[in-house]
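# Notes for the structure review
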Amino acid sequence: MSKKRHYLVETVPSGPNAAREAEKVRTRLLNQVDEKRNPRTKATMNQLMGRYLEVLDVEPTTRGTYEGYIRNHIRPLLGDLAVGRLDGEVLDSFYAVLRACRAHCGGRKYVEHRSASEHECDGRCRPHKCRPLADSSIRQIHGILSGACKRAVRWRWIGANPIEQAEPPSPARPDPHPPTPEQAARIAAAAWQDLDWGMLVWLALMTGARRGELCALRWDRIDFATGVLTIRSSIAQSGAKTWEKDTKTHQQRRITLDDQTMALLRAYLRRCTERAAALGFTLPTDARVFSLSPDGRTWLKPDTVTQRYARMCARLGWDMNIHQLRHYSATELIAAGVDVRTVAGRLGHGGGGSTTLRVYSAWVSEADQRAAGTLAGRMPALPAGLESDGGLPAPLPAPITDDSAPYLRMVADLRAAIKCGALRQGDPLPPMVDLAARYEVAPSTAHRAVAVLAADGEVVVSRGKRAIVAGL
């Protein structure tokens, strides 16, 4: 702290009510000081973002994402704003700009050039078209601002967190698009043209592992005796740099493999061992399962795997990404009747299955419908006479007792009178007042009973006239 005086300043527009408005502003500022909600600094959002990044402790990939959002969106639009001036209105306007155009063009027309350096324009230099920033990106920006402002409150830069006054975009409903079984079969067939690539794609289909987890997989993490694969780490990438890190949920998991997959892995291990021996190497037990080095000491780059998969699918005529193989594994397991918690364990989802249920709720619903059909198929035969003409089960009528609702007793009595002939076709029903008095109920209850008979086609009701018995 500089121990200098910090003044709260707010300008009131001139006009006949300026003095009254200035007094209101003065009262509000005094209340802020009394409640210790006033800003303690004139620092700008640029300064807050810089300080926030200095103390932020996150994964390098997450830091890179944060720095990109801060550099491209927060600093250009909010950077010069004093932290104390940030409020709900400013944030709502900020998000509105991002939803209008990710380039913050403000309606300005210009040409988007393919390069910032001197060049001759060609077809890649095109007039700018506004594209909104995705809601998921705006939510991430909201999270960055929230984290920074929470620290600003703790550092006593501001008295209250202004982010609480803003409303972030609603989270998008998950809508995974896994390949169909027919597409998965064609993808696997195309991948097997290269045995190393085919084994990677096959494991992605069978395990639902993330691309970085497959790149980090070692031979000593596959137990050929029990058929269990253990995932303990993942390969991360930022630009050309790669490194090994914990899994996304920082937990290891064990995945049981089927006999066919284990047989393929044994054959692939023999191939890798023979290939290493032919080049004068010995394949170590902790070698990477997928590697460009004959001794398995290096790992594949995740971005390379993604790009190769996209090119393969493009040759097949589809626009797909490798993450959809993870969706395929999950949806096929759920469709086969595997419980959500088991699927979550294989995929490495946190929350005890809540994430799995949220993302794959449509497939869980489909499996639930099949389960209902399975239960119905195991039920005993229906009693004789319970089926209607259409072959569908008709509900058995509940018996009418003295404890039944009054209108139901009235319906039963009138229906019995019609069936026994006491009331014939065309005969009028007793007046509503008489019916209500006979059963000691309100006239509305009598009207309800007659409405039930009319709905069943047993009586005909006309406006202003007494109900009459309908024809058979």
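Residues numbered from 1 in each chain as written. Predicted model: local features only at pLDDT ≥ 70, side-chain atom pairs only at ≥ 80, totals over all residues. Heavy atoms only, no water.

### A look at the packing of helix H11 (residues 323–335) against helix H12 (residues 340–347)
The angle between the axes and the distance between the axes are what describe a pair of packed helices. Here H11 crosses H12 at 155°, and the two axes come no closer than 10 Å. Comparing the axis directions of H11 and H12 gives the class roughly antiparallel. Note on packing geometry: the crossing formed by H11 with H12 is right-handed. Residue-level contacts link Arg-326, Ala-330, Leu-333 and Ile-334 of H11 to Val-343, Arg-346 and Leu-347 of H12. Of the residues belonging to the contact of H11 with H12, the class tally is five nonpolar, no polar and two charged. (Axes fitted to C-alpha atoms, helices over the stretch in contact; angles between N-to-C directions. Helix = DSSP H or I, 4+ residues; strand = E, 2+ residues; numbered from the N terminus. Parallel < 35°, antiparallel > 145°, perpendicular 65-115°, else oblique. Left-handed = near helix turned anticlockwise from the far one by under 90°. Contact = heavy atoms within 4.5 Å. Nonpolar A, V, L, I, M, F, W, Y, C, P; charged D, E, K, R; others polar.)

### Concerning the sheet that holds strand S4 (residues 228–231)
One open sheet accounts for three strands, arranged S3-S4-S7; its pairing is antiparallel. Pairing within the sheet leaves two strands with one partner each, and these edge strands are strand S3 (222–223) and strand S7 (253–256). Of the pairings in the sheet, the one linking S3 to S4 comprises two bridges and is antiparallel in character. Residue Ile-222 lies in a different strand from S4, and its bridge partner there is Leu-229. (Pairing = 2+ DSSP bridges.)

### Points about unusual backbone geometry
Comment: phi is negative for the bulk of residues other than glycine, and the bulk of peptide bonds are trans. One non-glycine residue with positive phi stands out, namely His-250, at about 60°. Position of His-250 relative to the elements: it lies in the loop between strand S6 (241–246) and S7. According to the relative accessible area criterion, His-250 is exposed, its value standing at 51%. Positive phi, normally seen in glycine, also occurs at Glu-440, with a value near 55°. Looking at the secondary structure, you find Glu-440 in the loop between helix H16 (432–439) and helix H17 (443–455). (Buried < 20%, exposed > 50% of the residue type's maximum accessible area, 1.4 Å probe, protein only.)

### Some thoughts on the pairing of S6
When strand S5 (residues 233–238) meets S6, the two strands line up antiparallel, connected through six bridges. Bridge assignment links Ser-233 to a residue of S6, and that residue is Asp-246.

### Comments concerning the packing of helix H2 (residues 45–55) against helix H3 (residues 60–78)
Where H2 meets H3, the closest approach of the two axes is 10 Å, and the angle between their N-to-C directions is 170°. In terms of axis orientation, H2 runs roughly antiparallel to H3. The segment H2 lies against H3, with Met-45, Asn-46, Met-49, Gly-50, Tyr-52 and Leu-53 engaging Arg-63, Tyr-66, Glu-67, Ile-70, Ile-74, Arg-75 and Leu-78. Grouping the amino acids of the contact of H2 with H3 by side-chain chemistry returns eight nonpolar, two polar and three charged.

### Re the nonpolar core
In terms of nonpolar packing, the biggest core is built from 44 residues, with Trp-219 and Tyr-309 touching the most fellow members. Counting only elements with at least two residues in this core, the list comes to helix H6 (181–191), helix H7 (195–207), helix H8 (211–216), S4, helix H9 (259–278), helix H10 (302–315) and H11. When residues in this core are grouped by element, the largest group, eight residues, is from H7. Apart from the residues within four sequence positions on either side, Tyr-309 is in contact with Ile-187, Trp-197, Met-320, Asn-321, Ile-322 and Leu-325. Grouped together as the second largest cluster of nonpolar side chains are 30 residues, Leu-133, Leu-145, Ile-158 and Ala-166 included. (Core = buried A, V, L, I, M, F, W, Y, C linked by side-chain atoms within 4.5 Å.)

### Digging into H7
Compared with an ideal rise of 1.5 Å per residue, which puts 13 residues at 18 Å, H7 spans 18 Å between its outermost C-alpha atoms and is within 8% of the ideal. Among the 13 residues of H7, 11 are classified as buried, and the element is accordingly described as predominantly covered. With a side-chain oxygen positioned 3.2 Å from the backbone nitrogen of Asp-196, the residue opening H7 is Asp-194. One or two positions beyond H7, positive phi appears at Gly-208, with a value near 70°. (Expected span 1.5 Å × (residues − 1). Polar contact = N/O pair within 3.5 Å; in protein donor to acceptor, adjacent residues only side chain to side chain.)

### A closer look at the pattern of salt bridges
Enumeration according to the criterion identifies 13 salt bridges in this entry. Measuring nitrogen to oxygen at the nearest pair gives 2.9 Å for the salt bridge that ties Arg-275 to Asp-196. Of this pair, Arg-275 sits in helix H9 while Asp-196 sits in helix H7, and the two are 79 residues apart along the sequence. In this structure Asp-196 comes out as buried when scored by relative accessible area, which is 18%. Between Asp-286 and Arg-297 there is a salt bridge, with its nearest N and O atoms 3.4 Å apart. Of this pair, Asp-286 sits in the loop between H9 and H10 while Arg-297 sits in the loop between H9 and H10, and the two are 11 residues apart along the sequence. (Salt bridge = Lys/Arg side-chain N within 4 Å of Asp/Glu carboxyl O.)

### Focus: the confidence of the model for the chain
Here the chain shows a mean pLDDT of 83. Residues at 70 or above account for 86%. Summarising per-element confidence for the chain, the mean pLDDT is lowest in helix H14 (residues 361–377) (61) and highest in H10 (95). Of the regions scoring below 50 in pLDDT, residues 385–390 engages in seven contacts with residues more than four places distant in sequence or in other chains. (pLDDT = per-residue confidence, 0-100.)

### Quick look at H11
Between its first and last C-alpha, H11 extends 19 Å over 13 residues, near the 18 Å set by a 1.5 Å rise per residue. Most of H11 sits inside the fold, with 10 of its 13 residues counted as buried. Listed as buried for H11 are Gln-324, Leu-325, Arg-326, His-327, Tyr-328, Ser-329, Ala-330, Thr-331, Leu-333 and Ile-334. Count one or two residues on from H11 and you reach Gly-337, which has phi positive near 95°.

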